[in-house]
Amino acid sequence: MTSKPARWIVLPDTHLPYEDKATLRAVEHYMADHQWAGWIQLGDLIDFNELSRFEVGNNRLDKVGAIQKSYAATAAFLTRHRSIIGRKARMGYIEGNHEDRITQYLEKNPEGVGMLEVPLALKLSDRRIEWVPYWSKGTLFRLGNAYFCHGRATGINHARKMLDRYGVCLYYGHLHDLNLASKATWGNSKTLEAGSLGCLCRYDQTYLKGNPTNWQQAFGVFHIWPDGFYQHFTVRIFKSRFISPEGKQYGSR
């Protein structure tokens, strides 16, 4: 195992346009300081609050206009991140339950079919971004021995549930917290783990109505060797500030 590993950055739930802008700037500064083989977004990149159950019956809301604004914010985000990591790096965008909101909307408003689906509206193919239909088809994104998805299990032990359900080393978002479960398999010196990687959205989402949560801003850095072996770091973020795996501080003092 002498070959140099490939470095990937893994970004959890951002919920545009409700991202934490200061936190995201710090993460992007870190991204710009390094070379990357690839970039993964774990799902719920777009919030689509305008299509949520919280806005049902809101006749003052221009849903079509709000959808267009959500896509405009996301297109700008993807353009910026492609510029940061470079033209040659792979990019994988995993479908989450918030992306599924547009699918549910189109089932009731078929006039938007062929235009408003996430891969089409964001021109992911033209951007050379791989669409991973996890929420609709269960597809996982794989890098060596590590797998990535948006996540489905809930409850205090969701990492254990995900590990037992999939039986592979798996990293995901969805719950916005940090949770890790591991187990060793007897006889072959193999350890499996599953972990949630936090979020990059604001903590003061309106639907929370001020209630406390166990959300944690964070992101992942993965080093993948050609033989599938990997090492990863979960970088916790506090008040839009963090220390990188390399020991440098990012964000406001």
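Structure report, in brief. Computed from a predicted model, the values in this text were never measured in an experiment.

Observations regarding the sheet that holds strand S6 (residues 146-148)
Reasoning step 1: Spatial strand order, S5-S6-S7-S9-S8: 5 strands in an open sheet with mixed pairing. If you trace the sheet from one side to the other, it starts and ends with strand S5 (141-143) and strand S8 (178-185), each paired once. Adjacent strand axes in the sheet meet at a mean angle of 20 degrees when their direction is disregarded.

Details of the pairing of strand S10 (residues 218-224)
Reasoning step 1: The element S10 is largely enclosed, with a buried count of 7 among its 7 residues.
Reasoning step 2: Side chains of S10 alternate between two faces, with Ala218, Gly220, Phe222 and Ile224 and Phe219, Val221 and His223 buried alike.
Reasoning step 3: Judged from the 5 bridges that link them, strand S1 (residues 6-11) and S10 form a sheet pairing that is antiparallel. Across the sheet, residue Val10 finds its bridge partner in S10, namely Gly220.
Reasoning step 4: Across 7 bridges, S10 lies against strand S11 (residues 230-236) in antiparallel orientation. Paired with His223 across the two strands is Gln231, which belongs to S11.

As for the nonpolar core
Reasoning step 1: One finds Ile9, Val27, Trp39, Ile102, Leu122, Phe219 and Phe242 to be the most contacted residues of the largest nonpolar core, which totals 37 residues.
Reasoning step 2: Among the secondary structure elements, those contributing two or more residues to this core are S1, helix H1 (21-32), helix H2 (63-85), strand S3 (90-94), helix H3 (100-108) and S10.
Reasoning step 3: Ignoring sequence-local partners within four residues, the contact set of Trp39 consists of Trp8, Ile9, Leu11, Met31, Phe77, Leu78, His81, Ile85, Arg90, Met91 and Gly92.
Reasoning step 4: Ranked by size, the runner-up nonpolar core spans 28 residues in total, among them Leu163, Tyr171, Ile224 and Tyr230.

Quick look at the side chain of Asp20
Reasoning step 1: Along the chain, Asp20 falls in the loop between S1 and H1.
Reasoning step 2: A distance of 3.0 Å separates the side chain of Asp20 from the side chain of Gln217, its partner in a polar contact.

Considerations on the packing of H1 against H2
Reasoning step 1: Where H1 meets H2, the closest approach of the two axes is 9 Å, and the angle between their N-to-C directions is 30 degrees. Of the possible angle classes, the one that applies to H1 and H2 is roughly parallel. Remark: the crossing between H1 and H2 carries right-handed chirality. Taken together, the residues of H2 that come into contact with H1 (itself represented by Leu24, Glu28, Met31 and Ala32) are Phe77, Arg80, His81, Ile84 and Ile85.
Reasoning step 2: Looking at side-chain class alone, the contact of H1 with H2 contains 6 nonpolar, 1 polar and 2 charged residues.

Some thoughts on the packing of aromatic side chains
Reasoning step 1: Scanning all chains against the criterion turns up 17 aromatic pairs.
Reasoning step 2: A ring pair is formed by Tyr171 and Tyr230, whose centres lie 6.0 Å apart and whose planes are at 85 degrees; its orientation type is edge-to-face. Placement of the pair is Tyr171 in strand S7 (residues 169-172) and Tyr230 in strand S11, with a sequence separation of 59 residues. Of the two residues, Tyr171 and Tyr230, neither departs from the other in class, the shared state being buried.
Reasoning step 3: Three or more aromatic residues joined by ring pairs form one cluster here, namely Tyr30, Trp36, Phe219, Phe242 and Tyr250.
Reasoning step 4: One Lys or Arg, Arg7, reaches over the ring of Trp36 and ends 5.4 Å from the middle of that ring.
Reasoning step 5: Across from the ring centre of Tyr134, 5.0 Å away, lies the NZ or CZ of Arg152, which sits over that ring.

Observations concerning the environment of Phe222
Reasoning step 1: Mapping Phe222 onto the fold places it in strand S10.
Reasoning step 2: Residues Phe222 and Gly251, 29 residues apart in the sequence, show an inter-C-alpha distance of 21 Å.

A word on unusual backbone geometry
Residues apart from glycine generally show negative phi values, whereas peptide bonds are mostly found in trans.
Reasoning step 1: A cis amide bond links Leu16 with the next residue in sequence, Pro17, at an omega value of 5 degrees.
Reasoning step 2: Not every positive phi belongs to a glycine, and His15 is a case in point at roughly 55 degrees.
Reasoning step 3: As for its placement among the helices and strands, His15 is situated in the loop between S1 and H1.
Reasoning step 4: Positive phi is not limited to glycine here, since Ser240 has a value of about 65 degrees.
Reasoning step 5: In this structure, Ser240 sits in the loop between S11 and strand S12 (242-243).

Criteria and cut-off values
- Each chain carries its own residue numbering, running from 1 in the direction its sequence is written.
- Confidence filtering applies because this is a predicted model: local features only for residues at pLDDT of at least 70, side-chain atom pairs given and counted only at 80 or more, and all residues used for totals across whole chains, interfaces and linings.
- Heavy atoms throughout the structure, all of them, feed into the side-chain values; hydrogens and water do not.
- Strand pairing is assigned whenever DSSP identifies at least 2 bridges connecting the two strands.
- A run of H or I in DSSP counts as a helix once it spans at least four residues, and a run of E counts as a strand once it spans at least two, with each numbered from the N terminus.
- Fitting a line to C-alpha atoms yields each axis, with helices limited to the stretch in contact; the angle taken between N-to-C directions then spans 0 to 180 degrees.
- The rule is simple: take the accessible area with a 1.4 Å probe, protein chains only, and divide by the maximum for that residue type; under 20% is buried, over 50% is exposed, in between is partly exposed.
- Throughout this description, the term nonpolar core refers to a set of buried Ala, Val, Leu, Ile, Met, Phe, Trp, Tyr and Cys residues connected via side-chain atoms within 4.5 Å.
- Here, residues are in contact when the closest pair of their heavy atoms is within 4.5 Å.
- A 3.5 Å cut-off defines polar contacts: any pair of N or O atoms within that distance qualifies, except that in protein one atom must be a possible hydrogen donor and the other a possible acceptor, and neighbouring residues in sequence count only when both atoms are side-chain atoms.
- By the definition adopted for this analysis, an angle is roughly parallel if under 35 degrees, roughly antiparallel if over 145, roughly perpendicular if from 65 to 115, and oblique otherwise.
- Two helices that cross are described as forming a left-handed crossing if the nearer one is turned anticlockwise from the farther one by less than a right angle, and a right-handed crossing if clockwise.
- Each residue gets one label: Ala, Val, Leu, Ile, Met, Phe, Trp, Tyr, Cys and Pro are nonpolar, Asp, Glu, Lys and Arg are charged, and the others, such as Gly, are polar.
- Ring pairs shown here join Phe, Tyr and Trp side chains whose ring centres sit within 6.5 Å, with only the six-membered ring taken for Trp; geometry is labelled stacked below 30 degrees between planes, edge-to-face above 60, and tilted in between.
- Each ring is checked for a lysine NZ or an arginine CZ that lies within 6 Å of its centre and within 35 degrees of its normal; such an atom marks a charge sitting over the ring.

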